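Here is what each chain is made of, one letter per residue.
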Amino acid sequence: MYSKSKGIIFIQRMLFWALFFYSGFLLYTNEGRLPSFLTSFSRVVYPLSIFWLQIRIKRITNFMSIDPKMTTSQLWFYLLPIIASLLTVVFSLTNTFLYIFGKIINS
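Residues numbered from 1 in each chain as written. Predicted model: local features only at pLDDT ≥ 70, side-chain atom pairs only at ≥ 80, totals over all residues. Heavy atoms only, no water.

S.K.: Could you clarify how one ought to interpret the packing of aromatic side chains in this entry?
M.R.: Given two aromatic rings, their pairing is described by the distance between the two centres and the angle made by the two planes. All chains considered together, the criterion is met by seven aromatic pairs. Aromatic side chains Phe-16 and Phe-20 sit 5.9 Å apart centroid to centroid with 5° between the ring planes, which places their arrangement in the stacked category. Here Phe-20 and Phe-16 lie together in helix H1 (residues 6-29), a separation of four residues that amounts to about one turn. Classification of Phe-16 as partly exposed rests on a relative accessible area of 30%. Pairing Tyr-28 with Tyr-46 gives two aromatic rings, centres 6.0 Å apart and planes at 75°, and the pair type is edge-to-face. In this pair, Tyr-28 sits in helix H1 while Tyr-46 sits in helix H2 (residues 36-58), placing the two residues 18 residues apart along the sequence. Its relative accessible area of 41% is what places Tyr-28 among the partly exposed residues. In this structure an aromatic cluster arises from ring pairing among Phe-16, Trp-17, Phe-20, Phe-21, Tyr-28 and Tyr-46. (Phe/Tyr/Trp six-rings, centres within 6.5 Å; stacked < 30°, edge-to-face > 60°. Helix = DSSP H or I, 4+ residues; strand = E, 2+ residues; numbered from the N terminus. Buried < 20%, exposed > 50% of the residue type's maximum accessible area, 1.4 Å probe, protein only.)

S.K.: Quick question: what am I supposed to make of a nonpolar patch on the surface here?
M.R.: Taken together, Phe-10, Ile-11, Met-14 and Leu-15 make up a surface patch of nonpolar side chains, about 450 Å² in accessible area. By secondary structure assignment, the location of Phe-10 is in helix H1. Looking at Phe-10, the relative accessible area reads 53%, which means it is exposed. (Patch = residues over 30% accessible without salt bridge, like charges linked within 9 Å, V, L, I, M, F, W, Y side chains within 5 Å. Areas by Shrake-Rupley, 256 points an atom, 1.4 Å probe, with all protein chains shown as cover. Salt bridge = Lys/Arg side-chain N within 4 Å of Asp/Glu carboxyl O.)

S.K.: Teacher, can you tell me more about the packing of H1 against helix H3 (residues 72-106) here?
M.R.: Closest axis-to-axis distance for the H1/H3 pair is 9 Å, and the angle between their directions is 75°. Viewed along their axes, H1 and H3 adopt a mutual orientation that is roughly perpendicular. Packed against H1, whose contacting residues are Leu-19, Phe-20, Tyr-22, Ser-23, Leu-26 and Leu-27, the element H3 presents Val-89, Ser-92, Leu-93, Asn-95, Thr-96, Phe-97 and Tyr-99 at the interface. For the contact of H1 with H3, the per-class residue count stands at nine nonpolar, four polar and no charged. (Axes fitted to C-alpha atoms, helices over the stretch in contact; angles between N-to-C directions. Parallel < 35°, antiparallel > 145°, perpendicular 65-115°, else oblique. Contact = heavy atoms within 4.5 Å. Nonpolar A, V, L, I, M, F, W, Y, C, P; charged D, E, K, R; others polar.)

S.K.: What's the story with the environment of Leu-34 in this structure? I'm lost.
M.R.: Inspection of the secondary structure puts Leu-34 in the loop between H1 and H2. In this structure Leu-34 comes out as buried when scored by relative accessible area, which is 16%. Along the sequence, Leu-34 and Leu-98 sit 64 residues apart, while their C-alpha atoms lie 8.4 Å from each other. Apart from residues lying up to four places away in sequence, Leu-34 is in contact with Thr-39, Phe-91, Thr-94, Asn-95 and Leu-98.

If you want it as structure tokens, here you go:
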């Protein structure tokens, strides 16, 4: 079985967090490249997504541990922050790539 060295994992995580923090910086300082409701949603949920991602990276458990014994309210209470955080990651990174491509094209 293939095992990555700790140095490579550390570099990958540092690159991901640098890109993610840069996307948050662009999200809060520049006007968004996405529609305004997506930008506003991302600005509200971005801090939550940082904490959620850090918890998911540190734990070695299932990504989404859904138990068949859960009630509907417990399931939604568990899933809504996850869905919001994942959407924020996608929207903020998309905004960053659109910003970078816009700068490359306009220069």
